[in-house]
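# Structure at a glance
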Number of protein chains: 2
Amino acid sequence: MSQKTKVVVTRQLNGAAQTLLESHHELEIVQWNSEKPAPRPWLLQNAPGASGLLVMLSDTIDAALLETCTPTLKTIASFSVGTDHITLPLLKTHNIRLGYTPTALTSAVADTAIMLTLMAQRRAGEAVASVKAGEWPAMPWAPQLLTGPQIAGCTVGFVGFGRIGQAVLKRFVGFGVRRAVYLTSRPGEVAKVDYFDVLGGKAGIEAVPARGWEDLGRESDVVVLGCALTESTRHFVGREFLALMKRTAVLVNVARGPVVDTEALVEALREGRIFGAGLDVVEGEPNVPADHPLLKEPRCVLLPHIGSATIETREQMAEESVRNLLAGLSGEAMVNEVEL
Amino acid sequence: MSQKTKVVVTRQLNGAAQTLLESHHELEIVQWNSEKPAPRPWLLQNAPGASGLLVMLSDTIDAALLETCTPTLKTIASFSVGTDHITLPLLKTHNIRLGYTPTALTSAVADTAIMLTLMAQRRAGEAVASVKAGEWPAMPWAPQLLTGPQIAGCTVGFVGFGRIGQAVLKRFVGFGVRRAVYLTSRPGEVAKVDYFDVLGGKAGIEAVPARGWEDLGRESDVVVLGCALTESTRHFVGREFLALMKRTAVLVNVARGPVVDTEALVEALREGRIFGAGLDVVEGEPNVPADHPLLKEPRCVLLPHIGSATIETREQMAEESVRNLLAGLSGEAMVNEVEL
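Residues numbered from 1 in each chain as written. Chains lettered and ligands numbered in written order. Predicted model: local features only at pLDDT ≥ 70, side-chain atom pairs only at ≥ 80, totals over all residues. Heavy atoms only, no water.

### Comments concerning the UniProt feature "domain: D-isomer specific 2-hydroxyacid dehydrogenase catalytic" (unreviewed entry) in chain A
- Mapped onto this structure's residue numbering, the UniProt feature "domain: D-isomer specific 2-hydroxyacid dehydrogenase catalytic" (unreviewed entry) falls at residues 7–338 of chain A.
- As a span, residues 7–338 of chain A carries 32% helix and 14% strand, and end to end its C-alpha atoms are 19 Å apart. (UniProt positions renumbered as here; feature names shortened; annotations may be inferred. Helix = DSSP H or I, 4+ residues; strand = E, 2+ residues; numbered from the N terminus.)

Next up, the structure:
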């Protein structure tokens, strides 16, 4: 009897990705074949003996999980751009390769950031809600009705200025944004990689590194959070930062929920200290009940983490995840591998 | 006693525009000084003897109104890009000049069109509503959750391709839109004016005239309505047009409500024959009750006609309207005058 290589896949995959996976007859595929996340006990029970795991950001890959499947585990393929659900140092210890899909979702997330910027500036949440509530007949067109700041002429501040931030900047060019400032892990340093040919004034917008978070907070009309979640970005947007922001400025988060201190944001919105917020992510998601304080703020738009939710992107992410899994098993080059 | 020139202004104006108006001491200003529209009887009562009117699109300028103020009336300044609230042939008959503000709001309306395109593709209406309803905890992140088509690679069809349509195209460049087709009152003819340096492949997107509405309907992934309301554009989007559209396509209306046959659109959305719709305007607005059939369609986003509702644009529109009024009285050149 030939020994098959066991892989555990924690979710249903779409057609092309599933077909590719199943074409590898050397694999024993143990799959949670549902649209819903695999329960943690299922993963803990099935991981033992696995050489590869294909996981989502809803799966926590920590010491307890890894204990069940080292030393057989050779590789993990994460269907995500972020890796904060995975305890990275342990992978290094156990010589486990990690694939992820950072490039596939850039466009979709950047599109979401633009949508959230406009929704926050143009009060789309309030506007849609008032129409749905049947209030339009009593609020006929008026010059000052539901007005908000205009994106043309704005300064946009980027917290994190990798692929996603730069893709957002590229999209802002056509809107007449005036200036971009950015903050990375090396404050004051010029961005090294120009992913979309938009830096150095090539796009007609000046993009310069901020000297620090204070400058970025003070100068920006739009703050776009597109950074990874690390100990230094956790609660980056808190009381201090919000206090520096302009009253006409909006905050956009397409990064990770905990980059923003929810309580501080609620306070700033309630007191009108910033104009609005557009969030794709929030601390504690998906546990956001209907009476969550952010949902009481009319100037806050909150999406259920759909930044990369386009049909095209999710297909590409699934296929790249399978390719990363296969490459991790065979020792070949992944589409994108995390340097551990 | 010096005879003052009477002008009737149907709404409160913002600071700069009001100051400019009041600086003209030769004027007797009769003003409806409220955020709310002037009632029709007020306008009918005050119009007699007026040399100039500064009106909003909520004021109907028809034979009955003009009868009260010709022959004193020399000029009308409309705080709008559209003129469908004004019976134009009568102005010509009575030699009344008409100013409007078509250029001021281009950017704001184009921004709205992009926002509505993304909201319709990315299911922002559904997404926001589900979070507000407290449904997020029961719908954790999943690869296919709330996915929609991606704007990159799309063909955008423009119905009307003047300033606003071209400004929308300019914004779409950064999103990786693949192709643009447009339909004007001269089907098949190349657009004469290149307002924003985006035609002739200059923006990296091919933009070509559609041979007719059938081609535009069939080829487009996004249909943007940015035309004037005329007898030939009324119900342009009806059953026939919707039947040609792709199931993955979205419809965006930043023009006038009656360009879309509401009943036909509701039917198409209900049956999933198009992917979604983003509307800033609708037939019969503002009389849209909470049980309006469009509001029952989760894939339809309806805004209360806030396309040009930015602080900057409304200030500029107000100031240009006052300038047009003054120019119309003194016989000088307006910022923008309608050729009657």
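The structure having been displayed, the exposition proceeds.
### Some thoughts on the interface of chain A and chain B
- Taken together, the contact between chain A and chain B spans 70 residues of the former and 70 residues of the latter.
- Approximately 6200 Å² of surface area, both sides summed, lies buried where chain A meets chain B, with 67% of it carried by carbon and sulfur atoms.
- Joining chain A to chain B, the criterion identifies 0 salt bridges.
- At the surface where chain A touches chain B, the tally comes to 22 residue pairs in polar contact (both at pLDDT 80 or more).
- Secondary structure elements with two or more residues in the side of chain A that touches chain B: α5 (106–121), α6 (124–132), α7 (163–172), β12 (300–302) and α11 (311–330) of chain A.
- Counting residues per element, the side of chain A that touches chain B draws most heavily on α5(A), at 8 residues.
- Considered class by class, the residues forming the side of chain A that touches chain B number 41 nonpolar, 17 polar and 12 charged. (Contact = heavy atoms within 4.5 Å. Buried area = accessible area lost by both parts, 1.4 Å probe. Salt bridge = Lys/Arg side-chain N within 4 Å of Asp/Glu carboxyl O. Polar contact = N/O pair within 3.5 Å; in protein donor to acceptor, adjacent residues only side chain to side chain. Nonpolar A, V, L, I, M, F, W, Y, C, P; charged D, E, K, R; others polar.)

### Quick look at the domain arrangement of chain A
All names here are of chain A.
- Examined at the domain level, chain A breaks down into domain 1 (5–104 + 312–330) and domain 2 (106–302).
- Domain 1 and domain 2 are separated by 32 Å when their C-alpha centres are compared.
- Where domain 1 abuts domain 2, roughly 540 Å² becomes buried across the two surfaces, and 46% of that area is made up of carbon and sulfur atoms.
- Considering only the surface of domain 1 that becomes buried against domain 2, Asp-84, Pro-102 and Thr-103 emerge as the three largest contributors, covering 59% of it.
- On the surface where domain 1 and domain 2 come into contact, there are 1 salt bridge.
- Between Asp-84 and Arg-256 there is a salt bridge, and its shortest N-O distance comes to 3.1 Å.
- Between domain 1 and domain 2 we count 3 residue pairs in polar contact (both at pLDDT 80 or more) in total.
- For the side of domain 1 that touches domain 2, the residue count by class is 3 nonpolar, 3 polar and 1 charged. (Domains from an automatic or database assignment.)

### Considering the state of the cysteines
- This structure, assessed with the given rule, holds 0 disulfides over all chains.
- Among the cysteines around B:Cys227, which has no disulfide bond, B:Cys300 carries the closest sulfur, lying 17 Å off. (Disulfide = S-S within 2.5 Å.)

### Remarks on the sheet that holds strand β4 (residues 75–78) of chain A
Residue and element names in this part refer to chain A.
- Spatial strand order, β2-β1-β3-β4-β5: 5 strands in an open sheet with parallel pairing. Pairing within the sheet leaves two strands with one partner each, and these edge strands are β2 (27–31) and β5 (97–99). On average, adjacent strands in this sheet sit at an angle of 15 degrees to one another, irrespective of strand direction.
- Bridge analysis of β4 against β5 gives 3 bridges, and the strand direction is parallel. Bridge pairing in β5 links Ala-77 to Gly-99.
- Its contacts with the sheet put helix α1 (residues 15–22) on β1 (5–9) and β2, and the angle it makes with β2 is roughly 140 degrees.
- Contacts between α11 and the sheet are confined to β1, β2, β3 (52–55), β4 and β5, with β4 contributing the most and set at about 170 degrees to the helix. (Pairing = 2+ DSSP bridges. Axes fitted to C-alpha atoms, helices over the stretch in contact; angles between N-to-C directions.)

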